[in-house]
Each structure stands twice: as C-alpha cells, then as structure tokens.
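Analysis of the macromolecular model
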Amino acid sequence: MDDHELLARLRQSDQAAFDTLFRAWYPALVRFADGMLRDRAAAEEVAQEAMLELWRRREQLDADGSARAYLFQATRNRALNQIRHARVRERGAAQLAPASEAAPSAQARLEEAELERAVRDAVRTLPERCREVFELSRLHGLRYAEIATTLGISVKTVEAQMGKALRVLRARLAPWTGGERPRAP
C-alpha cells in the first residue's frame, strides 16, 4: 500500500492505516527529532505528538499530500518549539537568580572577556580544514559522521582534524587553563 492510499484510508478514520503509518515513520521521526534536540525522551515525545496530530487532522489532510512530508514538518516544528521554550526557561531562570549570581564582579567579567577573546583568536589560527571541523562540531553541534558528509571527507579525517584542533587549542590556551595568566607587556 502506498502513501497516497494510506492517506485516503486515514482520512476515512481507518485505524489500521494509522497503525501502518505509525510503524513506518515513528522510528525515523524519533531519530530526526533526537538529532535536533539531543534528548531521546524529548524526541520520542515530539514524534508521538506529531503522530497524534496526524490522527486529529486526518479529515483535513490533502488527498494528494504526503504523510511523510507532513510528519517530518510537524516533528520539526514541535522540536523547534521545544528548543524555543527551553531558551525562554533558561532566560527566566537567569533573571530569577540571586543578584550576586546574576551580576558577576567587574574582574570576573574582564577575565571572561579576555578568555573568550583568547579562544576566538586561537580558533582563528587553526588551519582552515581543522577550523571547519572544530566549528561544525563545537559551535553547530554536528556529529562526526554529519561533518564528514557535509565536508565530503571520511570520519577518520574528521577525527584526525578534531584531534589536531584540540591539541593546538590546548597548547594556545594553556596560560588560561593551567592557572598561569599571560602578563601584560
């Protein structure tokens, strides 16, 4: 049975068609949401909500549409909503923190700014491929396999470049991580 036939049966409230769609797409939806949320339990919840919404809206579904497209779009939207809500909660928690935690001392802010600048400068000095791999991993949260696919290189190359990047950064940032501070000239 193809996607269009399943949708037609689903529009007629056919529970067996829904069960077939659920079994076919639920695992892929969980993997997709997990890739966005990095939280398996939340990903399962998002996928379940998308499947439930498919059932609730079954009578309004486009007969020429695709269940797959609908489910992945619904899952994506719900995952993005969860990410937004998490950010709002984090901002709210930061605003509710005691004044001593919310307002670090001028010295702490200065040290943090100095360390951030040192990290940016160290990353900027990495060889181009090394920097690309590092940024895709650490800034964009991609897994090594995803980086390999994106850059058209092997996973082993990603591992080697990441190892090199970390060695270089560790060496360049040693004054900040080892307790020694660089002296002002």
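Figured I'd write up the structure that's included with this text.

Cut-offs applied
Residues numbered from 1 in each chain as written. Predicted model: local features only at pLDDT ≥ 70, side-chain atom pairs only at ≥ 80, totals over all residues. Heavy atoms only, no water. Helix = DSSP H or I, 4+ residues; strand = E, 2+ residues; numbered from the N terminus. Rg over C-alpha atoms; globule rule 2.2 N^0.38 Å. Buried < 20%, exposed > 50% of the residue type's maximum accessible area, 1.4 Å probe, protein only. Axes fitted to C-alpha atoms, helices over the stretch in contact; angles between N-to-C directions. Parallel < 35°, antiparallel > 145°, perpendicular 65-115°, else oblique. Left-handed = near helix turned anticlockwise from the far one by under 90°. Contact = heavy atoms within 4.5 Å. Salt bridge = Lys/Arg side-chain N within 4 Å of Asp/Glu carboxyl O.

Glancing now at the overall build of the protein. Secondary structure summary: the protein contains 10 helices and 0 strands in total. Each helix and strand of the protein, ordered N terminal to C terminal, gives the series α-α-α-α-α-α-α-α-α-α. Against the 2.2 N^0.38 benchmark of 16 Å for 185 residues, the protein shows a C-alpha radius of gyration of 24 Å, more extended than a compact globule. Principal-axis analysis of the C-alpha atoms places the extent of the protein at approximately 80 × 45 × 20 Å. Counting over 185 residues, the protein shows a buried share of 26%.

Where helix H7 (residues 128-138) contacts helix H8 (residues 144-151), the two axes come as close as 10 Å, and the packing angle between them is 130°. Our classification of the angle between H7 and H8 gives oblique. The way H7 lies across H8 gives a crossing that is right-handed. Here Arg-129, Glu-132, Val-133, Leu-136 and Ser-137 of H7 come into contact with H8, specifically with Tyr-144, Ile-147, Thr-150 and Leu-151.

Within the secondary structure layout, Leu-136 lies in helix H7. Note: C-alpha distance between Leu-136 and Leu-151 (15 residues apart in sequence) is 9.8 Å. Setting aside chain neighbours within four positions, we find Leu-136 in contact with Gly-141, Leu-142, Ile-147, Thr-150 and Leu-151.

All told, the structure shown has 9 salt bridges when counted by the stated rule. As a salt-bridge pair, Arg-40 and Glu-44 come within 3.3 Å of each other at their nearest N and O atoms. Taken as a pair, Arg-40 and Glu-44 lie in helix H3 (residues 40-56) at a separation of 4 residues, close to a single helical turn. The class for Arg-40 is partly exposed, based on a relative accessible area of 46%.

Its identity as a non-glycine residue notwithstanding, Ser-13 has a phi of 65°, on the positive side. As for its placement among the helices and strands, Ser-13 is situated in the loop between helix H1 (3-11) and helix H2 (15-37). Taking the relative accessible area as the measure of exposure, Ser-13 reaches 31% and is therefore partly exposed.

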